[in-house]
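Observations on the model geometry
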Amino acid sequence: MATADKCVLQGGPEGLPEHIVPAAAPGEEVKVPFRGGYEHFRATSRQWDTAEGRLPVYEWVARTEVAE
């Protein structure tokens, strides 16, 4: 059974501390703050079995810098 309030992150920079995070609203990307910027992840059609249940997989798509 999928847990819709969390997702699994796949890809992104080495050292990203969390790989299970709160899921985004449908149609939105997950945005994770990391090393002075944001890592962006987009939902896929895949799911992954984890210790927290079957979760949707979000793949890394881009990094943006924090605007000052």
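An account of the accompanying structure is given in this report. Predicted, not measured: the structure shown is a model, and the values here were computed from it. (Residues numbered from 1 in each chain as written. Predicted model: local features only at pLDDT ≥ 70, side-chain atom pairs only at ≥ 80, totals over all residues. Heavy atoms only, no water.)

You can see Glu39 is positioned in strand S4 (residues 37-50). One polar contact links Glu39 to Arg63, side chain to side chain, over a distance of 2.4 Å. With near-sequence residues (within four places) excluded, Glu39 lies in contact with Pro13, Leu16, Val30, Lys31, Val32, Phe34, Trp60, Ala62 and Arg63. (Helix = DSSP H or I, 4+ residues; strand = E, 2+ residues; numbered from the N terminus. Polar contact = N/O pair within 3.5 Å; in protein donor to acceptor, adjacent residues only side chain to side chain. Contact = heavy atoms within 4.5 Å.)

Further remarks concern the nonpolar core. Of all hydrophobic cores here, the largest spans 10 residues; its members are Cys7, Leu9, Leu16, Val21, Ala24, Val30, Val32, Phe34, Phe41 and Tyr58. At the level of elements, strand S1 (6-10) and strand S3 (30-34) are the ones that each hand at least two residues to this core. Sorting elements by how many residues they give to this core places S3 first, with 3 residues. (Core = buried A, V, L, I, M, F, W, Y, C linked by side-chain atoms within 4.5 Å. Buried < 20%, exposed > 50% of the residue type's maximum accessible area, 1.4 Å probe, protein only.)

Let us look at the environment of Val8. The residue Val8 is located in strand S1 in this model. A relative accessible area of 7% means that Val8 is categorised as buried. As for Val8 and Trp48, which are separated by 40 residues in sequence, their C-alpha atoms are 7.3 Å apart. For Val8, the contacting residues outside a window of four places in its chain are His19, Ile20, Trp48, Thr50, Leu55, Pro56, Val57 and Tyr58.

With that settled, the discussion passes to the sheet that holds strand S5 (residues 53-65). As summarised here, the arrangement of the 5 strands in space is S2-S1-S5-S4-S3, forming an open sheet in which the pairing is mixed. The sheet is open, and its two edges are formed by strand S2 (20-22) and S3, each paired on a single side. The average undirected angle you get between the axes of adjacent strands in this sheet is 45 degrees. Where S3 lies against S4, 5 bridges are found, and the strand directions are antiparallel. Paired with Val30 across the strands is Phe41, a residue of S4. (Pairing = 2+ DSSP bridges. Axes fitted to C-alpha atoms, helices over the stretch in contact; angles between N-to-C directions.)

This part takes up the side chain of His40. Structurally, His40 is set in strand S4. Separated by 3.2 Å, the side chains of His40 and Glu29 make a polar contact. When neighbours within four sequence positions are excluded, His40 is seen to be in contact with Glu29, Val30, Lys31, Glu59, Trp60, Val61, Ala62, Arg63 and Thr64.

Turning our eyes to something else, we now look at unusual backbone geometry. One non-glycine residue, Arg35, adopts positive backbone phi at about 45 degrees. Assignment of secondary structure puts Arg35 in the loop between S3 and S4.

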